[in-house]
Each structure stands twice: as C-alpha cells, then as structure tokens.
Amino acid sequence: MMRALWENPQARAGLVVFGAMLAVALVGPFLVADPDAFVARPLSPPSMDHLLGTTGQGQDVLAQTVVGARTTLGLGVLVGLLVVAIGSVVGGLAGYFGGKVDELLSLLINVSLVLPGLPLMVVLAAYLPAGPGSMAAVLVVTGWAWNARVVRSQVLSLRKRDFVDAAIVAGESPLRVLVVEILPNMASLLGGAVIGATTYAIGAQVGLEFLGLGDLSAITWGTNLYWATNDSALLTGSWWTFVPTGAAIALTGFALALLNFGLDGVTNPALAAGAGTGAPGPQPTPVRRSP
Amino acid sequence: MTGLLPTLLRRLGFYALATWAALTLNFVVPRLMPGDPAQAIFARFQGSLDPAALDAMRTAFGVSDTPIWSQYFQYLLHTAQGELGTSLVYFPAPVTEVIGTGLLWTVFLAGVSVVVAFLVGSALGAWAAWRRGGWLDRIGPPLLALIGAFPYFWLAMVAVWALGFQLGWFPVRHAYGVDVSPGWSLAFLVSMTQHAVLPAGTMVLASLGGWLLTMRNTMVGVLDTDAVRYAHIRGLPPHRILWHYAVRNAMLPSLTSFGMAIGFVLSGALLTEIVFGYPGQGYLLLQAVRGQDYPLLQGLFLTISLAVLAANFGVDVLTLALDPRTRR
C-alpha cells in the first residue's frame, strides 16, 4: 500500500512537499531569529539581512513564517486526527447498529453538516478564552460531522460481510468489532479522511485567526495575515508581509490535495486510467472545502 | 413513503429541525461558555445604555433570575418576532436593522459567485472528461487545486494589492462608488458591477477546482455507461451525446454538492468581504468580533444559518424535481 502510494507520482510529490513542511515546522524554529524581536525598520522589503523583509512591527517575516508553520501545522494535524477519530466513532456506531440508532445519529450528523461552519465557529470562538485549546475545541465541534457521514456509509456496507458476523458470533463487543474488525478494513478511506480533515483544520484555523479570533500574541500563519492587514500591508504595497505565509498555506494544502488524489488513484479502480467496467463506479472521495 | 409530497414533507421536517437546532445553539452557547460576556458588556455600557435596553440584554444573555425554561421560551418568542436585541457597535440601532443593511449585499455577492463557479466549473469538468487525457484534463485539475489551496481571503488580498492598488484596474473598497447613490440607475449598476468583479472573481477562482473535479469524475463514470455507448452506436452527433446524455446525468451529483457548497462559499464570502470592505455580513461579523458585540454576533449567526438552510431547501426541491430517484 505505502509502496503503491510512493509509486504514484501525485502522491509522491504530495508526500515530499508535506514532509518538507513538517521538517521546517520541527527543525526550522531553532534555525531562525527570534520572531518576536524588533530587528529592523518596519515594512522594509526583502534584503540579504532579512530574506523576506520585515513586518509592520519590524519583525523578521521569514522567522514568523517558519515559527507559524510549527503552531499552525501542529494544531492542524492534531485536530485532523481528533476530528476523524470522533467522526469514525459516531459514524461507525450509526453504521454498525443501524435502525433507530442510525436514524438518530444520522439526523445529528446531517444537522451539523447543514449549519454553516464559519459563523458557528466565530460565535464559539468569541465566547471561549483565546488559546490553542479553545481553537482545537471549536474546530473539532464544527468539523466532525463530515467524516462521520463518510465513515457511516462505508461501515454500513462492511457490516453485512461474513467476517463481521463471525466476530459477533464469537462474542466480541460492538465497540471491539467496530474498532478492531471494521475500521482497519477502511484504512485508506480513513487516511484520506485525516488528510482532508487536516486541510480543513488548517484553513478554518487560519480564517478564524485572520478575523482576530484566537490568541493574537501567538505566532501562527493566521495571526501573520491578521497583522499584515492590520498594519495596512495592502495599502503600502508590502507584499512580502502576506505572500510568504499565503504561499506556505497553499503549498501545504496543495501537497495534501495531491496526496489525496494519489490515494484515490491507488485505491479507487474507477479512476485508474483505462478502467472500463460499465456502470458508474464508486465515486471519488468528496472534496471538502473550507474557507 | 414514496412519491414527491411525502419526501418534500420529510425534507421540510428536517429543515425545521435544523432551524430549531440553530436557534437552540444560539441560546445555549452564551450560557454554557466560561466567563460572563454579559457582565463585561454591562461594565462597558453601564453609562450609555438606558436601563430598559440593559434589562432586555440581561434577559437575552440569561443573566436573570427566571428559570431557564421560561428564558428559553421568551427567547424563542422574541426571535420569532424578529427581536434580536440592540447592537453595541452600532448603538442604538437594533440588531435586525444592522443586519438588514448587509444581507442583500452578501446574498448578491455569494449568490453570483457560487452560481458562476458552479456553471463554469461544471462545464470545464464536463469538457475535461469528454476529452479525457487532453490538455484541460491534464492541466485543469492540478492547477485549480493549487489555486483552491489558497485561502479565499488571501487570494482576495493579492487581488486587492496587485489589481487594485498596483495596477488600479478595479476599485478596492465598498460595494459601489461614493459618486453614485443606490437605486436603479445605470451609473449605480455599472459601479456595483465594477466593485463586485474582484471579490466575486477571487471566490469563483478559489472554488472552481472543486466543481471541475466533481463533474469530471462523475462524467468519467457516466461516459462509460451502456446508455452513452448505445448513443454512440446509434450514430448520434457527439455534441448531442455530450449535452443530452452525459452532462444531464452527470449534473446530479454536482447539484447535490451544490447545497453543501453554499455553506462553504458563504463562509469564504464572509472573509472575502472583510478584505474588500464590502458592506455585507462578513464586514459586520468583523465589526462584531472587534467590538465584542455579542448581540450582533449572534444575530449574524442566526440569519446566516437560516439563509443557508433556506438555500439548501431550495436545492433539495430542485433535485427532487430533476431526479425521480430521489423521490424515495
């Protein structure tokens, strides 16, 4: 599976770029200057001393972008995993038990899906004390439903297989059947879900921080963009204050998207080139959008 | 339970429930959260708010001695009467009035963007699948996925900076020029269009990739069906097969995701509006966040949620009308 993924050019490019971003997030902050320090005249353009120039507060943009990678990616990956874990349990239980339980949980899932994400996030974030914990909570509360729905429909079909019946007859508890027997059989779907959820978490987090919700004293990609607008970067034409962060966000998102395409291509025979089997095949994993 | 009417009623029931959920969230969130925003507001506005308004707000935020159930019913009653409290940033205007000024602009901007992106993206997706392996099929999806990876509002920032300030091609603030007044005059419509090009354009650009990909992948499946193959064998002209056989069938999944996209696009529109100073809901949202205007914030959450629910119901009805298979 990993091998097939590596041999897929899209997936490989995604893995390499995302790996590089993670490496920057892990090691980078030790190599750059203090991102909070006043180092040069505010809004000075890129130069040899400060490769990406300085912010409106006279801080080094490169240092801020690199340190922002750590905070933003760290929270993004963590929330991505949490969202999929919760979505798998809720969606899994709905698909496993079916009937009334499914009806109730599906209703809950569909209601959370249809309510617009950003306004709810903003209301929640506005009432919570600013900080990474609140941010994670807000993103999880507003993001779990998507994966729950995807997992539910998959579990619903796996539930009818013989090996599941065998496990039930053997006396395994429902949660054990779900976690040990069913979920491992949809590993690629869950992998894709984590990738999608991480993309969502990064995008939504950046959006909220751009609005000024979140810890404005922390250095993240979102607060970088917030301060860039606040210090009238657009008016003064200081493109270097917002282009590096935006490019980093897009590069991360694009790498994750490539990885997901690759995963789809490897695991979904309908999308493999030249496949022709008649009826419309399984649909590709839906693309999730976030602000 | 088959047929159009029962399905329609069931969908209506679902949206009624979702509306109730939004209303209840709006009531519960301020009461569950740690800290007491109402107290902070009172402290700030002790002098400037008249006692009656203060009292109304106390009830709205649950800082009263009445039991929670009676507070809840009172809240529902007030909301049903369009009574959402008083805005603090735009004091003393009531929240409904403040929101009313921005609602049409957001509906206009988000509506135009989502429809244009849907039509253009689906058309490109259909074309990419029709000419599978062609240049559009190879370049389109990855290029648009790259553009789509940028946050909406960041694309907006770049557009403001490059096309607005540097090149001066487009106006960069507000929804119409200072030299025209709103009305059905040609000058106003021209000014409005000029002001909408950049915000709508960036949103279309950011969301195009999703539509292209959905349509392309569905089309690939549909083009492989026996119905399309039979059409080819019958010797129908290719454009007829494309439009009458393939696109019509492949549209439905795209239409289904259209409902869901409304929420996403609206969220993106809110942030884009902020960058452009576009006087819609997003701009109000920013004012509410900055000024800690909790009544306005909650009013915005409620109206935006209701708007999205209504739009989704519209899409559902359309899907029901177009696809008999959904009438189950």
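Residues numbered from 1 in each chain as written. Chains lettered and ligands numbered in written order. Predicted model: local features only at pLDDT ≥ 70, side-chain atom pairs only at ≥ 80, totals over all residues.

1. A word on the overall build of chain A
Argument step 1. Across its full length, chain A carries twelve helices and zero strands.
Argument step 2. Its helices and strands in sequence order give chain A the pattern α-α-α-α-α-α-α-α-α-α-α-α, from N to C terminus.
Argument step 3. Projected onto the principal axes, the alpha-carbon positions of chain A cover approximately 70 × 45 × 35 Å.
Argument step 4. Residue burial in chain A is summarised as follows: out of 291 residues, 50% are buried.
Argument step 5. Considering only intrachain contacts with a sequence separation of at least 6, the fraction spanning at least 24 residues in chain A is 69%. (Helix = DSSP H or I, 4+ residues; strand = E, 2+ residues; numbered from the N terminus. Buried ≥ 20, exposed ≤ 12 C-beta atoms within 10 Å, placed from the backbone. Contact = placed C-beta atoms within 7 Å.)

2. Some remarks on the overall build of chain B
Argument step 1. Regarding its fold elements, chain B presents twelve helices and zero strands.
Argument step 2. Scanning chain B from its N terminus toward the C terminus, one meets helices and strands in the order α-α-α-α-α-α-α-α-α-α-α-α.
Argument step 3. By the burial criterion, 42% of the 328 residues in chain B qualify as buried.
Argument step 4. Contacts in chain B between residues far apart in sequence, at least 24 positions, make up 73% of those at least 6 positions apart.

3. What to know about the interface of chain B and chain A
Argument step 1. Counting residues at the interface gives 58 residues for chain B, matched by 50 residues for chain A.
Argument step 2. Mapped by element, the contributors of at least two residues to the side of chain B that touches chain A are helix H1 (4-32), helix H6 (135-149), helix H7 (152-166), helix H8 (186-223), helix H10 (238-276), helix H11 (281-290) and helix H12 (294-322) of chain B.
Argument step 3. Ranked by the residues each element gives to the side of chain B that touches chain A, the list is headed by H10(B), at eleven residues.

4. Examining the packing of helix H5 (residues 95-130) of chain B against H6(B)
Residue and element names in this part refer to chain B.
Argument step 1. Between H5 and H6, the shortest axis-to-axis distance is 8 Å and the interhelical angle comes to 135°. Between H5 and H6, the angle falls in the class oblique. In this structure, the crossing between H5 and H6 has a hand that is left-handed. Facing Leu124, Trp127 and Ala128 of H5, the residues of H6 in contact are Leu136, Asp137 and Gly140.
Argument step 2. Its residues assigned to classes, the contact of H5 with H6 shows four nonpolar, one polar and one charged. (Axes fitted to C-alpha atoms, helices over the stretch in contact; angles between N-to-C directions. Parallel < 35°, antiparallel > 145°, perpendicular 65-115°, else oblique. Left-handed = near helix turned anticlockwise from the far one by under 90°. Nonpolar A, V, L, I, M, F, W, Y, C, P; charged D, E, K, R; others polar.)

5. Let's talk about the confidence of the model for chain B
Residues and elements named next belong to chain B.
Argument step 1. Residues of chain B with pLDDT of at least 70 account for 86%, and the chain-wide mean is 79.
Argument step 2. The weakest mean pLDDT in chain B belongs to helix H2 (residues 37-45) at 61; the strongest belongs to H5 at 86.
Argument step 3. Overall fold confidence for the complex sits at a pTM of 0.82, while the interface term, ipTM, reaches 0.78. (pLDDT = per-residue confidence, 0-100.)

6. Here we look at the nonpolar core
Argument step 1. If you look at the biggest cluster of nonpolar residues, it comprises 165 residues, and the most contacted ones within it are Val122(A), Ala156(B) and Leu297(B).
Argument step 2. Sorting elements by how many residues they give to this core places H10(B) first, with 19 residues.
Argument step 3. If sequence neighbours within four positions are ignored, Ala156(B) has contacts with Pro199(B), Thr202(B), Thr272(B), Val275(B) and Phe276(B). (Core = buried A, V, L, I, M, F, W, Y, C linked by C-beta atoms within 7 Å.)

7. Overview of the environment of Ala21(B)
Residue and element names in this part refer to chain B.
Argument step 1. Among the structural elements, alanine 21 can be located in helix H1.
Argument step 2. Accessibility expressed as a C-beta count within 10 Å gives 18 for alanine 21, which makes it partly exposed.
Argument step 3. Along the backbone, alanine 21 and alanine 93 are 72 residues apart, and their C-alpha atoms lie at a distance of 27 Å.

8. Considering the confidence of the model for chain A
All names here are of chain A.
Argument step 1. On average, residues of chain A carry a pLDDT of 81, and 91% of them reach 70 or more.
Argument step 2. The least confident element of chain A, judged by mean pLDDT, is helix H11 (residues 233-236) at 74; the most confident is helix H3 (residues 61-97) at 89.
Argument step 3. Residue range residues 273-291 is modelled with pLDDT below 50. Its contacts to residues more than four positions away, or to other chains, number 49 contacts.

9. A closer look at helix H8 (residues 174-182) of chain A
All names here are of chain A.
Argument step 1. Those residues of H8 that sit buried are Val177, Leu178 and Ile182. What you see down the axis of H8 is that its buried residues fit within an arc of 95°, all on one side. Residues of H8 that are exposed and angled more than 90 degrees away from the buried face: Leu175, Arg176 and Val180.
Argument step 2. Looking at the buried positions of H8, the neighbouring elements they touch are H3, helix H6 (132-158) and helix H7 (162-169). (Arc of directions from axis to C-beta.)

10. Thoughts on the packing of H5(B) against H12(B)
Residue and element names in this part refer to chain B.
Argument step 1. One way to put it is that H5 packs onto H12 with a least axis distance of 10 Å and a crossing angle of 50°. It follows that H5 is oblique to H12 by the angle criterion. For the pair H5 and H12, the sense of crossing is right-handed. On H12, the residues touching Val95, Val98, Ile99 and Leu103 of H5 are Pro295, Leu296, Gly299, Leu300 and Thr303.
Argument step 2. Considering only residue class, the contact of H5 with H12 consists of seven nonpolar, two polar and no charged.

11. Looking at H6(B)
Argument step 1. Helix length check: H6(B), at 15 residues, gives a terminal C-alpha distance of 21 Å against a target of 21 Å (1.5 Å per residue), a fit within 8%.
Argument step 2. Among all positions in H6(B), only Gly140(B), Pro141(B), Leu144(B), Ala145(B), Gly148(B) and Ala149(B) are buried. Summarising the axial view, the buried residues of H6(B) lie within an arc of 145°, below the 170-degree limit, and thus occupy one face. Of the exposed residues in H6(B), those oriented more than 90 degrees away from the buried face are Trp135(B), Arg138(B) and Ile139(B).
Argument step 3. In this structure, the buried side of H6(B) is in contact with helix H12 (243-267) of chain A together with H5 and H8 of chain B. (Expected span 1.5 Å × (residues − 1).)

12. Some remarks on the environment of Tyr278(B)
Argument step 1. Relative to the elements of secondary structure, Tyr278(B) occurs in the loop between H10 and H11.
Argument step 2. For the pair Tyr278(B) and Val172(B), spaced 106 residues apart in the sequence, the C-alpha separation amounts to 8.9 Å.

13. Re the environment of Arg41(A)
Argument step 1. The topology assignment puts Arg41(A) in the loop between helix H2 (9-31) and H3.
Argument step 2. For the pair Arg41(A) and Gly68(A), spaced 27 residues apart in the sequence, the C-alpha separation amounts to 21 Å.

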